[in-house]
Amino acid sequence: MFSLSELWSMGERQGSYKLLKPWWEVFMDHLLVLMLMVSVLAGTLLLSRDGVVCVPMSSSSGNFSSSTEPESDPLFTSPARGRRTNLDFQQYVYISHVCYHEALPWYSRFLPYVTLLHTLILLVSGCFWFHFPLTSARIEHFLSLLAKCCESPWTTRALSHTARLDTARFSETEQTVRPKGQAACSSKTRRLSVDSGTDSPLLVAADSGSTQPSPCPSAGSRCSILSGLSPVERVTPPQTSQVPLEGSRTPAPLDRSDREQARALFERVRRFRAHCESSDVIYKVYTAQTVFKVLKFIVIVSYVTPLLNSITFSHVCRPQTHTLTGYNTYQCSHSLSSILRKLMQTYISLLVLFGIIAVYTLIWICHKSLTQYSFQKQRETGSMLDVPDLQNDLAFLLHMADQYDPLLSQRLSVFLSPVSETRLLEESLERRWGSERLRSMMTCDPEGRSLLQLVALPHLPPALFTLNQLQVLKLELITDAKLTSLISNMTALREMHLYHCSASVEPGALRHLQEHLETLHLTFAQPADIPLWMYSLRGLQELHLTGRMSSDGGMGRGWPLCSLRQLRHLRVLVLRGSLQKIPGELSEVSGSLMRLEIHNEGTRLLVLTGLRRVTGLAEVQLQGCQLERLPSALLALTGLRSLDLQHNALRTLEELLGLQHLRHLSCLRLAHNHVLALPVSVGVLRSLELLDLSHNQLQNLPSALFTLHRLRRLLLAGNLLEGLPAEVRALKLLAELDLMGNRLEHLPEELFACCVELRNLNVSNNSLVSLGPGLDGLRLLSRLDVRGNCLEELPVALGGCVGLRGGGLLVENWLMHTLPRQIKDILSSPSSESPSRPDSDCFPAFSTAQWSFHSALESRI
């Protein structure tokens, strides 16, 4: 037994399947119902009233014959004509049953049942593709998606937007072609249509192709006017702002739940499309069942039609019952033969009509390409121009749905359109990322400029272009960062960061960026990801490129970027990637380029001849390039002021002698290399003010180093120095000295007596036993780090270093107790003045609260 709920669900399922049943399927279903009724009626008649009536035709030689009736009487040789046969009722019944099975053909007894069985098979084969396991799940999923697409508020909104665009396009065409003298007539007609309530955009779009007579005199000759004009003579529409049409209303925005449901529906349609387009199993199953119907029709007609003429009323029966009845031959009549023949003829007629429709279906399948579906008609009407063509099962399902209602595919196309999805995302972004929220997210960078960072958004929110005070914009992992002409409102924008963003720029936005953008940071995965509009930013001053800059072959020997000729004002170029040669295209910006930074991430830089073409460089950084010697190409940079070769593989500095021609070189950074000794030729660098040799393997310092009288910062941390020469007294202008992480046991007294300009002194993590006398001579000393040494007490002379007040002394807590209370109070008191301190990479200007002291236990360990 079936429950009522099960029967109700089956009815609903059949009702949803009707969307995929074209007219021929519905017609064949009705024909099958009629054929089933005919077969059931014929079978019922056979079960209830079927039978034969038999009478004897002749008698045998005389067991039951009368003596008064001779055997040769002609009455006994002719068919029985009502004469007495001497048979009782039971004998007649017996003879009728025997002759029904022996004399009556099988098709007269069983043909209705055979046709009933064939009808049931055809009925099952008609809906087989709805219940086949490989197709039913896809069909149900498609029908559910189609229902949701029709019910979604976004569908109505998108179609109404498309109708408004079509109406606006039609109105522009009408206004362009219509003569000026018809303006009054058209306005009158327009007013009448508004008053009558027929000015709907959908009605206007639907009536645009009709040829109804117009109340205007020359409206009927509009097509002839258009055809008579040449393409040059035709009037082009004026480039003015679009005026909203009368009667058109802006639809209310969707709420959050509707937007989320629409976004989820876009994702479901996308996944269902990828799943259905991977195979064509539904198309094959439907084709197979149609072929089966045609073959079944041919088989039934081929053997049922000849049998119809064999269904007769009278039959001759010769049973082996002579000993029981005395007769050998009987004349039998089949009472249902006439009605059975008519029912079977009706069945064959219905079957022939069914077969004709099945053959038509098969021809339709073979004639049309059902595995390809194109939205060309919608493109021709100007709506949904970006809907992609479909294939395989999804295309076949849409072809079937079009036979029921072509508007269903139009509603589904809303969720196949990338533009529609983009509009939905833009609307969602506009609602979620308003101007107030963006302003609340704005922060300040270390330079005090206003900064906004947006991460992992599908599109840029429109409210972004209203931030006219924004100076730095960072965009990270945004799939479609489209910069429109509205960016011209961001008049304060000077710096932009694009981290793995596919940014596109409109012409109006490009002109604004060319005039205002000064700094661009671009991070990419492949050289093809670099936007071409970057090379036209003629006002750009700083360009930072981070990513793989090698060629497709992976060797990295070619410069994959385009020409830099238009970057006429470029002053700073930073490249972070894997290069094997200095690009020769740098010569195109040699007139303006001042600083070049290459962070090669450990890849060996083989060819540096490109530096010779950029003679105007003032700063060069070559970090992580695996350089073993100083490049000879540096000799051509006569205006070089700063050279940074940190994090390389330098072992010798013999080439320092060649740098004597660089008379303006004031900064030399050689930290994090493998330098074993500093050559005497370092003395030729008379203009040096900063020398960084930190984290090398130096064991001693040459006396020539202390002839650099302009040296202000000397960084020697992380080496193997065991002592500091007394020649350090020659560095009168020395303001910072970093000796952290060496093997020093004492400091020369000349350091305290002569280097009176010293402000930062770092001798932490050494083996100092005492600091020595004369420390109070460093009146300008504002930072002293003596942690991690072997000191037992601090000198009283620290009280004369007034610049150490307010946390300038970095030492273990227990050592502070070795000082007299008065001096300790002086050092602990806040400083009244903040003496000027040069910028240092090793001694950042932290506040007092940010400095922490080691405990005595940590020091002893």
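This text goes with the structure placed above it.
Owing to the predicted nature of the structure, the values given are computational and were not obtained by experimental measurement.

Asks: Help me understand the overall build of the protein chain, please; the structure alone is not making it clear to me.
Replies: Scanning the protein chain for helices and strands turns up 25 helices and 24 strands. Expressed as a percentage of the 861 residues in the protein chain, the buried residues total 44%. For the protein chain, the proportion of contacts with a sequence separation of at least 24, taken over those separated by at least 6, is 58%. Accessible area of the protein chain: about 44,200 Å², with a carbon and sulfur share of 55%.

Asks: Mind showing me how you'd approach a nonpolar patch on the surface here?
Replies: On the surface, Trp 23, Phe 27, Leu 353 and Tyr 360 cluster together into a nonpolar patch covering about 380 Å² of accessible area. Here Phe 27 lies in helix H2 (residues 23–49).

Asks: What should I look at first to understand the sheet that holds strand E2 (residues 314–317) in this one?
Replies: Two strands in a sheet stick together by hydrogen bonds in their backbones, pointing the same way (parallel) or opposite ways (antiparallel). Taken in spatial order, the three strands line up as E1-E3-E2 in an open sheet, and their pairing is antiparallel. Where the open sheet ends on each side, the last strands, each with one partner, are strand E1 (52–56) and E2. Averaged over all pairs of adjacent strands, the angle between strand axes in this sheet comes to 25°, irrespective of strand direction. In terms of strand pairing, E2 meets strand E3 (residues 330–334) through four bridges, oriented antiparallel.

Asks: Can you walk me through a positive patch on the surface in this structure?
Replies: Residues Arg 256, Arg 263, Arg 432 and Arg 437 make up a contiguous surface patch of positive charge. Mapped onto the elements, Arg 263 comes out in helix H12 (residues 256–276).

Asks: So what exactly am I meant to see when it comes to the packing of helix H17 (residues 392–404) against helix H18 (residues 407–414) here?
Replies: Think of two packed helices as two axes; the pair is described by the angle between the axes and how far apart they sit. At their nearest, the axes of H17 and H18 sit 7 Å apart, and the two run at 135° to each other. The angle between the axes of H17 and H18 places the two elements in the oblique class. Where H17 approaches H18, its residues Leu 398, Ala 401, Asp 402 and Tyr 404 are matched on the opposing element by Leu 408, Ser 409 and Leu 412.

Asks: Looking at this structure, I do not really get the side chain of Arg 787. What am I missing?
Replies: Mapped onto the secondary structure, Arg 787 falls in the loop between strand E23 (783–785) and strand E24 (809–810). A distance of 3.0 Å separates the side chain of Arg 787 from the side chain of Asp 785, its partner in a polar contact.

Asks: Explanation requested: the side chain of Thr 519 in the structure shown.
Replies: Within the secondary structure, Thr 519 is located in strand E12 (residues 519–523). Residue classification places Thr 519 among the buried positions, given a relative accessible area of 9%. Residues contacting Thr 519, with those up to four places away along its chain left out, are Arg 494, Glu 495, Met 496, Leu 540, Glu 542 and His 544.

Asks: Even after reading the chapter, I still don't get the environment of Trp 23, so can you show me in this structure?
Replies: Within the secondary structure, Trp 23 is located in helix H2. Along the backbone, Trp 23 and Gln 403 are 380 residues apart, and their C-alpha atoms lie at a distance of 7.3 Å.

Asks: How should the state of the cysteines be read in this particular structure?
Replies: For the structure on display, the rule yields one disulfide. Covalent S-S linkage joins Cys 99 and Cys 317, the inter-sulfur distance amounting to 2.2 Å. One quick way to see it: the torsion about the S-S bond of Cys 99 and Cys 317 is about -90°, and its sign makes the bridge left-handed. With Cys 99 in helix H4 (residues 89–102) and Cys 317 in strand E2, this residue pair connects regions lying 218 residues apart in the sequence. A relative accessible area of 1% places Cys 99 in the buried class. On the basis of relative accessibility, which here comes to 1%, the residue Cys 317 falls in the buried class. Not engaged in a disulfide, the cysteine Cys 755 finds its nearest cysteine sulfur in Cys 754; these two sulfurs lie 6.5 Å apart.

Asks: Which parts of the structure should I look at to understand the packing of aromatic side chains?
Replies: Between two aromatic rings, the relevant description is the distance of the centres plus the angle of the planes. Overall, the coordinates contain 13 aromatic pairs when judged by the stated rule. For the pair Trp 24 and Tyr 360, a centre-to-centre distance of 5.9 Å together with 70° between the ring planes defines the contact as edge-to-face. With Trp 24 in helix H2 and Tyr 360 in helix H15 (residues 337–367), this residue pair connects regions lying 336 residues apart in the sequence. Residue class for Tyr 360 comes out partly exposed when judged on its relative accessible area of 38%. Consider the rings of Trp 24 and Trp 364, whose centres lie 4.7 Å apart with planes at 55°: the pair is tilted.

Asks: Sorry, what's going on with the environment of Ser 337 here?
Replies: Relative to the elements of secondary structure, Ser 337 occurs in helix H15. Relative accessible area serves as the criterion here: at 1%, Ser 337 is assigned to the buried category. Separated by 25 residues in the primary sequence, Ser 337 and Thr 312 have C-alpha atoms spaced 6.0 Å apart. Non-local contacts of Ser 337, meaning those with residues more than four positions away in its chain, are made with Ile 311, Thr 312 and Phe 313.

Asks: Sorry if this is basic, but what is going on with unusual backbone geometry here?
Replies: Excluding glycine, most residues fall at negative phi; most peptide bonds, likewise, are trans. Look at His 500: it is not a glycine, yet its phi comes out positive at around 55°. Tracing the sequence through the fold places His 500 in the loop between strand E10 (495–499) and strand E11 (503–505). The phi torsion at Glu 601 lies on the positive side, around 55°, for a residue other than glycine. The class of Glu 601 is exposed, set by a relative accessible area of 61%.

Asks: What exactly am I supposed to notice about the pairing of strand E16 (residues 619–623) here?
Replies: Among the five residues of E16, four are classified as buried, and the element is accordingly described as predominantly covered. Note: strand E15 (residues 595–599) against E16, five bridges, orientation parallel. The residue of E16 that forms the bridge with His 599 is Gln 623. Here E16 pairs with strand E17 (residues 642–644) via three bridges, running parallel. What sits directly across from Val 620, in E17, is Leu 643.

Asks: Help me out: how do you make sense of the packing of helix H7 (residues 133–151) against H18 in this one?
Replies: Put simply, H7 and H18 touch, their axes get as near as 9 Å, and they point 80° apart. The orientation of H7 relative to H18 falls into the category roughly perpendicular. Two secondary-structure elements touch here, H7 through Phe 142, Leu 146, Cys 149 and Cys 150 and H18 through Leu 408, Arg 411 and Leu 412. Residues that form the contact of H7 with H18 fall into these classes: six nonpolar, no polar and one charged.

Asks: Please explain the environment of Met 35 as it appears in this structure.
Replies: Residue placement: Met 35 occurs in helix H2. In this structure, the C-alpha to C-alpha distance between Met 35 and Thr 115, residues 80 residues apart in sequence, is 8.4 Å. Once residues lying within four places of it in the same chain are set aside, the contact partners of Met 35 are Thr 119, Leu 122, Tyr 347, Leu 350, Leu 351 and Phe 354.

How each quantity is defined
- Residues numbered from 1 in each chain as written.
- Predicted model: local features only at pLDDT ≥ 70, side-chain atom pairs only at ≥ 80, totals over all residues.
- Heavy atoms only, no water.
- Helix = DSSP H or I, 4+ residues; strand = E, 2+ residues; numbered from the N terminus.
- Buried < 20%, exposed > 50% of the residue type's maximum accessible area, 1.4 Å probe, protein only.
- Contact = heavy atoms within 4.5 Å.
- Areas by Shrake-Rupley, 256 points an atom, 1.4 Å probe, with all protein chains shown as cover.
- Patch = residues over 30% accessible without salt bridge, like charges linked within 9 Å, V, L, I, M, F, W, Y side chains within 5 Å.
- Salt bridge = Lys/Arg side-chain N within 4 Å of Asp/Glu carboxyl O.
- Pairing = 2+ DSSP bridges.
- Axes fitted to C-alpha atoms, helices over the stretch in contact; angles between N-to-C directions.
- Lys, Arg positive; Asp, Glu negative; His and termini not counted.
- Charge placed at Lys NZ, Arg CZ, Asp CG, Glu CD.
- Parallel < 35°, antiparallel > 145°, perpendicular 65-115°, else oblique.
- Polar contact = N/O pair within 3.5 Å; in protein donor to acceptor, adjacent residues only side chain to side chain.
- Disulfide = S-S within 2.5 Å.
- Phe/Tyr/Trp six-rings, centres within 6.5 Å; stacked < 30°, edge-to-face > 60°.
- Nonpolar A, V, L, I, M, F, W, Y, C, P; charged D, E, K, R; others polar.

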